[in-house]
Amino acid sequence: MLPHPLVGHLTARERLSQAVRLGKLPQVLLLTGPAGVGKQRLALWLAQLALCEQEGPEPCGACRPCRLVAGLSHPDVHWFVPIPRPKASDTDKQVEEAAQSIAAVLSERRAEPLYPAADGMASHSLASVRLLQREAALTAAEGGARIFILAEADRLVAQEASQEAANALLKLLEEPPAGSLFVLTTVEPRRLLPTMRSRAVPIRLGRLTDADVGGFLKAHVRPALSDRELDQRIALADGSIGLALRAGDEAGKAHLAAHQWLEAVLAGPGPSLERALKQTPWAARGEFTAMLDALAETLGEAARGTLGQPVRRKVPEALMRHRQPDPLLKAMDRVADAREAAWGNVNPQILLAVLGEELAEVL
Ligand SMILES: [Zn+2]
């Protein structure tokens, strides 16, 4: 029933813990940092700390509030996760639908604490914000603090014919009700509305150490990984437990294959050609195209990096030497061509060998 343990972030923990002890915790916090390093997990830890019956630098984990928070069932801890946009046309029904969707996601997370990233289309719609408003207007069920976690706050949808959702939330953040604590999390603080950002005290979480990621994988991934798999996952994770976990699913495997292949290409035409030709025949066309998609995504991430935007997944070091996005965009073009050719009756090994030479030329 417990979510996975919190790993790392000792400085942030100390800082927050001291603030709680002194009664100086800001009412609106913004946890920022790379994907999968534990921002939402730290928010839950903070909820425990704020509600714990014991006094200490860390939540005791054993008292009733601590256990309720860990079980995601504390009535005063509201974890707003991005959800699909409610379909109902009536406002009240939309709010009801949002509440049900959020409850469904949380029940999944109760069952599977190592949850995957939220779907790309999931968001905080106006209905979610209305729900938040309603809950914020109530008094604490347990008499203590009330904690509102707004996960991936950059997914707040500010359209819907008005800025209503954003404005409603802004009002709450501007004057948080007494005894309430708002914890926003985001990978990209710059995508938050500036007015929202300016109301929150930022706390930046860095990447975890390889030792932390490795220790976590060893303790929690079942069946246990081989030493080789462990090393690969740690290398690909780049200090993010979330990425390390995702590297195990289908998309993750495609990314691992793309990463390794790209590194071979960047090492020079000799090894790349050899590697591409040695590539085992793909079990299914789908796996091959998934690898090409992962390849395009990796190049896209590197291009974002050249524009000074945060890179959301590990890209080969050699790609990051580019100062301009152009070569990377050219490379993406070649991959798109290969992706198209892959639908025809082409031998994947030959296709990869040709692509490898083309990429070596432009990168
Ligand atoms: Zn406790």
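Our subject is the structure listed above.
How each quantity is defined
Residues numbered from 1 in each chain as written. Predicted model: local features only at pLDDT ≥ 70, side-chain atom pairs only at ≥ 80, totals over all residues. Heavy atoms only, no water. Helix = DSSP H or I, 4+ residues; strand = E, 2+ residues; numbered from the N terminus. Contact = heavy atoms within 4.5 Å. Polar contact = N/O pair within 3.5 Å; in protein donor to acceptor, adjacent residues only side chain to side chain. Phe/Tyr/Trp six-rings, centres within 6.5 Å; stacked < 30°, edge-to-face > 60°. Buried < 20%, exposed > 50% of the residue type's maximum accessible area, 1.4 Å probe, protein only. Patch = residues over 30% accessible without salt bridge, like charges linked within 9 Å, V, L, I, M, F, W, Y side chains within 5 Å. Areas by Shrake-Rupley, 256 points an atom, 1.4 Å probe, with all protein chains shown as cover. Salt bridge = Lys/Arg side-chain N within 4 Å of Asp/Glu carboxyl O. Lys, Arg positive; Asp, Glu negative; His and termini not counted. Charge placed at Lys NZ, Arg CZ, Asp CG, Glu CD. Donors = N, O, S within 2.8 Å, 3.2 Å for Na, K, Ca; no water. Tetrahedral: all angles 85-135°; square planar, octahedral: opposite > 155°, others 65-115°. Pairing = 2+ DSSP bridges. Axes fitted to C-alpha atoms, helices over the stretch in contact; angles between N-to-C directions. Arc of directions from axis to C-beta. Expected span 1.5 Å × (residues − 1).

What about the environment of Arg190?
On the secondary structure map, Arg190 appears in the loop between strand 4 (180–186) and helix 7 (194–197). Through-space distance from the C-alpha of Arg190 to that of Pro310 is 10.0 Å; in sequence the pair is 120 residues apart. Dropping the residues within four chain positions of it, Arg190 is found in contact with Arg197, Gly308, Gln309 and Pro310. From its side chain, Arg190 meets the backbone oxygen of Gly308 in a polar contact 3.2 Å long.

Quick look at the packing of aromatic side chains
In total, this model carries 2 aromatic pairs according to the counting rule given. Judged by centre distance (6.2 Å) and plane angle (70 degrees), the rings of Trp79 and Tyr115 are edge-to-face. In this pair, Trp79 sits in strand 2 (residues 77–80) while Tyr115 sits in the loop between helix 4 (91–111) and helix 5 (126–136), placing the two residues 36 residues apart along the sequence. With a relative accessible area of 6%, Trp79 lands in the buried category. Judged by relative accessible area, Tyr115 falls into the partly exposed class, the value being 27%. Ring geometry for Phe148 against Phe182: centres 5.0 Å apart, planes inclined by 20 degrees, an arrangement best described as stacked. Taken together, the residues span a long stretch of sequence, with Phe148 in strand 3 (residues 146–150) and Phe182 in strand 4 at a distance of 34 residues.

Here we look at a negative patch on the surface
A grouping of Asp333, Asp337, Glu340, Glu357, Glu358 and Glu361 is seen on the molecular surface, where their side chains present a negatively charged patch. Of all the secondary-structure elements, those providing two or more residues to the negative patch are helix 14 (326–341) and helix 15 (348–362). Note on placement: Asp337 falls in helix 14.

Observations concerning the pattern of salt bridges
Per the stated rule, a full pass over the model turns up 10 salt bridges. Linking Glu58 and Arg13 is a salt bridge whose minimum nitrogen-to-oxygen distance equals 3.1 Å. Placement of the pair is Glu58 in the loop between helix 2 (39–51) and helix 3 (64–70) and Arg13 in helix 1 (residues 10–21), with a sequence separation of 45 residues. Under the relative-accessibility criterion, Glu58 is labelled partly exposed at 35%. On the accessibility criterion, Arg13 (12% relative accessible area) is buried. Of the charged contacts, one joins Arg64 and Glu142 as a salt bridge, the two residues approaching to 2.7 Å between their closest N and O atoms. In this pair, Arg64 is assigned in helix 3 and Glu142 in the loop between helix 5 and strand 3, connecting sequence segments 78 residues apart.

A few points about the environment of Glu340
On the secondary structure map, Glu340 appears in helix 14. Considered as a pair, Glu340 and Thr289 are 51 residues apart in the sequence and their alpha carbons are 9.2 Å apart.

Focus: the coordination of the zinc ion
Donor atoms from the polypeptide that bind the zinc ion are Cys52 (SG), Cys60 (SG), Cys63 (SG) and Cys66 (SG), placed at 2.3 to 2.4 Å. Around the zinc ion sit 4 donor atoms; with metal-centred angles ranging over 104 to 119 degrees, the donor geometry is tetrahedral. In the primary structure, the donors to the zinc ion are separated according to the pattern C-x7-C-x2-C-x2-C. Residue Cys60 is classed as partly exposed on the basis of its relative accessible area of 35%.

As for unusual backbone geometry
Look at the link from Arg222 to Pro223: it is a cis peptide, with omega at -5 degrees. Within the element layout of this structure, Pro223 appears in the loop between helix 8 (210–220) and helix 9 (227–237). One non-glycine residue, Leu72, lies in positive phi territory at about 55 degrees. With respect to the helices and strands, the residue Leu72 is situated in the loop between helix 3 and strand 2. Phi angles above zero are rare outside glycine, and Glu152 is one such case at about 50 degrees.

Regarding the sheet that holds strand 4
Pairing is parallel in the open sheet, where 5 strands are placed in the order 2-3-4-1-5. The open sheet has two edge strands with one neighbour each: strand 2 and strand 5 (201–204). Within the sheet, the average angular offset between the axes of one strand and its neighbour, ignoring direction, is 20 degrees. Sheet analysis places strand 3 next to strand 4, joined by 5 bridges and oriented parallel.

Comments concerning helix 8
When helix 8 is considered as a whole, its buried residues turn out to be Val213, Gly214, Phe216 and Leu217. Taken end-on, helix 8 shows its buried residues confined to a sector of 160 degrees, consistent with a single buried face. The exposed set on the far side of helix 8, more than 90 degrees from its buried face, consists of Ala211 and Lys218. For helix 8, the secondary structure elements touched by its buried residues are helix 9 and helix 10 (241–246).

Topic: helix 11 (residues 250–266)
Between its terminal C-alpha atoms helix 11 stretches 24 Å, which fits the 24 Å expected from 17 residues at 1.5 Å a residue. Every buried residue belonging to helix 11 is among Gly252, Ala254, His255, Leu256, Ala257, Ala258, His259, Trp261, Leu262, Ala264 and Val265, and all of these are buried. The positive-phi residue at the C-terminal boundary of helix 11 is Gly268, with phi of around 125 degrees.

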